[in-house]
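# Architecture and fold: a report
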Amino acid sequence: MTTTYAALLRGINVGGHRKVPMAELRSVLEELGHRDVRTYLQSGNAVFTTDADGPTAGGPSADELTTGLQDAIEKRFGFRVDCLVRDAAYLAAVADACPFPAAELEGKQLHVTYFSEPVGPERFASIDQDAFLPEEFRLGDRVLYLYAPDGLGRSKLAEALGRPALTKGIVGTTRNWNTVVKLVEMTRG
């Protein structure tokens, strides 16, 4: 049985630094034995299928796939890139659980930060949400949903949420809603 996954790379191809061309990323994934490899945009989104059906079926877990990809990227490009690998069902569940009216918003107004592990409200307890209104955030299953009506680049709340003291010890990578939806579509097959 095959499983479809998305690989979300953090912090590549930004301002000419840490360049990972998408054609080479596709090659890296194929060399790892994955099939049907496709990329989306230049910001580190890849979709692939693998015969591995998770640890319960004797295949690698998403964490093992993540580590394998990070190691292969480091070997190919000479620098380590934080990655998150998530399966199609998880990506669809994240989109379905959005606490904001996604259909009524522009893609640039709504963002999802995917985390490497569960995060609880205590991690962000120092943030006074009322001070940032109309911007808002909500937590989900290893994600943070951010409503930023003026976009991420102008978001004071996003800046506060990204402080190293709040994100210490976890990997997080953010995608706008358009990308969230596209990755759900791509992993559906």
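Report on the accompanying structure.

Rules behind the numbers
Residues numbered from 1 in each chain as written. Predicted model: local features only at pLDDT ≥ 70, side-chain atom pairs only at ≥ 80, totals over all residues. Heavy atoms only, no water. Pairing = 2+ DSSP bridges. Helix = DSSP H or I, 4+ residues; strand = E, 2+ residues; numbered from the N terminus. Axes fitted to C-alpha atoms, helices over the stretch in contact; angles between N-to-C directions. Contact = heavy atoms within 4.5 Å. Salt bridge = Lys/Arg side-chain N within 4 Å of Asp/Glu carboxyl O.

Here we take up the sheet that holds strand 2 (residues 35-40). In sheet architecture, strand pairing relies on hydrogen bonds along the backbone and comes in two forms, parallel and antiparallel. Overall, antiparallel pairing links the four strands, which are arranged 2-3-1-4 in an open sheet. With one partner strand each, in any of the chains shown, strand 2 and strand 4 (83-87) form the two edges of the open sheet. Here the strands of the sheet are splayed against their neighbours by 20 degrees on average, with no regard to which way each runs. Note that strand 1 (residues 3-9) and strand 4 share five bridges and pair antiparallel. Counted as the bridge partner of A7 is V85 from strand 4. Against the sheet, helix 1 (residues 22-31) touches strand 1, strand 2 and strand 3 (45-50), its axis set at about 155 degrees to strand 2. Helix 3 (residues 88-96) rests against strand 1 and strand 4 of the sheet, and its axis sits at about 90 degrees to strand 4.

Following the criterion strictly, the structure yields six salt bridges and no others. E136 is the salt-bridge partner of R138, the closest N and O atoms lying 2.6 Å from each other. Two residues, D141 and R142, come together in a salt bridge whose shortest N-O distance is 3.5 Å. Through salt bridges with shared partners, one network takes in E24, E31 and R76.

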